[in-house]
Amino acid sequence: MSRRDETIFALSSGALPSGVAVVRLSGPESGAAVTALVGQWPEPRRAALRTLRAGDGSVIDRGLVLWLPGPASFTGEDMAEFQVHGGPAVVAALLARLADLPRLRAAEPGEFTRRAFLAGRIDLAEAEGLADLVAAETEAQRRQAIRQSGGALSRQAEAWRTRIVTMRALIEAELDFPDEDDVPGSVSDAVWSEAAALLAEIETALADAGRGERLRRGYEVVLTGPPNAGKSSLLNALARRDAAIVTEEPGTTRDLIEVRLDLDGLPVILVDSAGLRDAAGRVEQEGIRRARERAAAADLVLWLSPADAPVEPERPASGVPLLVLRTKCDLTAGRPDDRSAGVPPAEGDGSGALGWGPAGGGDRGGDRAGAGMGLPVSAATGEGLDRLRAEIVARAGVALGRGEDPLITRARHREALTAAADGLRRALSFDTLPLELRAEDLRAAGDAIGRITGRVGVEDLLDVIFGQFCIGK
Ligand SMILES: Nc1nc2c(ncn2[C@@H]2O[C@H](COP(=O)(O)OP(=O)(O)OP(=O)(O)O)[C@@H](O)[C@H]2O)c(=O)[nH]1
Ligand SMILES: [Mg+2]
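Here is what the cut-offs are and how they apply
- Residues numbered from 1 in each chain as written.
- Chains lettered and ligands numbered in written order.
- Predicted model: local features only at pLDDT ≥ 70, side-chain atom pairs only at ≥ 80, totals over all residues.
- Heavy atoms only, no water.
- Helix = DSSP H or I, 4+ residues; strand = E, 2+ residues; numbered from the N terminus.
- Buried < 20%, exposed > 50% of the residue type's maximum accessible area, 1.4 Å probe, protein only.
- Contact = heavy atoms within 4.5 Å.
- Areas by Shrake-Rupley, 256 points an atom, 1.4 Å probe, with all protein chains shown as cover.
- Axes fitted to C-alpha atoms, helices over the stretch in contact; angles between N-to-C directions.
- Parallel < 35°, antiparallel > 145°, perpendicular 65-115°, else oblique.
- Left-handed = near helix turned anticlockwise from the far one by under 90°.
- Nonpolar A, V, L, I, M, F, W, Y, C, P; charged D, E, K, R; others polar.
- pLDDT = per-residue confidence, 0-100.
- Phe/Tyr/Trp six-rings, centres within 6.5 Å; stacked < 30°, edge-to-face > 60°.
- Lys NZ or Arg CZ within 6 Å of the ring centre and 35° of its normal.
- Patch = residues over 30% accessible without salt bridge, like charges linked within 9 Å, V, L, I, M, F, W, Y side chains within 5 Å.
- Salt bridge = Lys/Arg side-chain N within 4 Å of Asp/Glu carboxyl O.
- Donors = N, O, S within 2.8 Å, 3.2 Å for Na, K, Ca; no water.

A. Broad picture of the overall build of the protein chain. Within the protein chain one finds 15 helices and twelve strands. Burial status across the protein chain gives 50% buried among its 473 residues. Counted over contacts in the protein chain with a minimum sequence separation of 6, partners at least 24 positions apart contribute 63%. Summing over all exposed atoms, the protein chain offers an accessible surface of approximately 21500 Å²; the carbon and sulfur share of this is 53%.

Have a look at this one:
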């Protein structure tokens, strides 16, 4: 598939209307398109104010034009940029005009970045970093994306791959000149200790508890509990908007309702769900099934037990950490048995950052924290919400690796490094096998790492990777 002789264009700025809209072009006809629209070429890499004209000479708009000749452009090709007023009709007229020009067509998602990759301007891991940068919603995601698009993962992967290439070269030399090896403990001994050191480094990178991937996805918190516990009210209070319907009727919520929050720079996904109970109609039963399924896959489950009618927590089967909340604490405030005045007893595994409430998996400590315990909160008065937010932030910070810089940010990287580690392990363990076979395992390990940056056979992956980009990137 070679369509790189075609010139592509797309609206690269965001939703319309906007103050300014940026339309980008890349490919051999970019210069001709500039001439067709504005007459005379501007100086390279200098913004020039020009009148953009339709085919019949009528004015589309006045705007800035940038002429960015290759190869020193983002894609390595000739590029141009039109910055016009961000009205939908202006942009529609401009795009229609470009589509009318010969050998110009609308770009596919990620096609600019794909061309940059194919031209060798950036590698695959850096391209993924750019996609993440565009998608980043929080500070921590932005920082991770900037690191990766700036080549942090690429440099490490290349360094590892180069070491394997060197090891293989040493083995080749030994295979080519076996008779000259009169030194006891041949050169390959050095190779194998180097391979073991490299394996240890890769294993360390893999043992990151998936923090980089989780940071891309967000830390998922599922609100569960009996019907009418105040789950939807709490979700709305934390989200500071009416995302979910609240009524006094038990069984109001049936679908899963997601809200994405930026808590202290961390991406947190709150999920409201149907109240758990036995007597329920078909629709509600399905809602309950989905609630349990989602909770089992969450990073944290909140069990909401109403202060005026406590219910024992139902633990997700998967051992996801569970935090008990005593909701509607305003209803019992001032009563003799009210615990909300003081800090509730610390129980469970003690992993709660604030030292209260049952936390961690289904151990006995967590179970001992019965229905009447947990962090008192009230969606009505706002009590306890700051503490709850702080607790979620503390846990998310650990799970997403705040302050750490995990290398791996996608399953693709993890698969590649796992395959590399397997190759190294095979090469190291079969020390009775002929050197040729062990060298072959090293080669496989090096190739696996090479797939991270796209240096080695990744043609099959490109559609998948670049298809996830937005159009105009
Ligand atoms: N006093 C008081 N009432 C609350 C509080 N939170 C919720 N409620 C009330 O409790 C009732 C149920 O609230 P919801 O938020 O719909 O409860 P839910 O857990 O989502 O219920 P389902 O969706 O049916 O499972 C509503 O009448 C709310 O107004 C609170 O903090 N204090
Ligand atoms: Mg609800």
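Having seen the model, we can carry on.
B. Structural detail: the packing of helix α1 (residues 30-38) against helix α2 (residues 88-100). Running from N to C, α1 and α2 point in directions that differ by 125°, and their axes come no closer than 11 Å. What the angle tells us is that α1 and α2 run oblique. Considering how the two elements wind past one another, α1 and α2 form a crossing that is right-handed. Residue-level inspection shows A33, A36 and L37 of α1 in contact with α2, the latter providing L94, R97 and L98. Of the residues in the contact of α1 with α2, the class split is five nonpolar, no polar and one charged.

C. Summary view of the confidence of the model for the protein chain. On average, the protein chain scores 87 in pLDDT, and the residues at 70 or more come to 88%. Averaged over each element, pLDDT in the protein chain is lowest for helix α11 (residues 364-368) (36) and highest for strand β5 (residues 79-86) (98). The low-confidence segment residues 340-369 (pLDDT under 50) makes 63 contacts with residues lying over four places distant or belonging to another chain.

D. Spotlight on the packing of aromatic side chains. Applying the stated criterion to the full structure yields one aromatic pair. Ring centres 4.6 Å apart and planes at 45° place the aromatic pair W41 and W67 in the tilted group. Residue W41 is located in the loop between α1 and β3 (48-53), and its partner W67 is located in strand β4 (residues 59-68); the two are separated by 26 residues in the primary sequence. Judged by relative accessible area, W41 falls into the partly exposed class, the value being 43%. With a relative accessible area of 6%, W67 lands in the buried category. Across from the ring centre of F112, 4.6 Å away, lies the NZ or CZ of R24, which sits over that ring. The ring centre of W192 lies 3.8 Å from the NZ or CZ of R438, which sits over that ring.

E. Layout of a nonpolar patch on the surface. A surface patch of nonpolar side chains, about 260 Å² in accessible area, is lined by F430, L433 and L437. Position of L437 among the secondary structure elements: in helix α14 (residues 435-453).

F. Highlighting the coordination of the magnesium ion (ligand 2). At 2.0 Å from the magnesium ion (ligand 2) lie its protein donor atoms, namely S232 (OG) and T253 (OG1). Placement of S232 in helix α9 (residues 231-239) and of T253 in the loop between α9 and β8 (257-263) is noted, with a sequence separation of 21 residues between them. S232 gets classed as buried once you look at its relative accessible area, which sits at 8%. Given the relative accessible area of 11%, T253 is considered buried.

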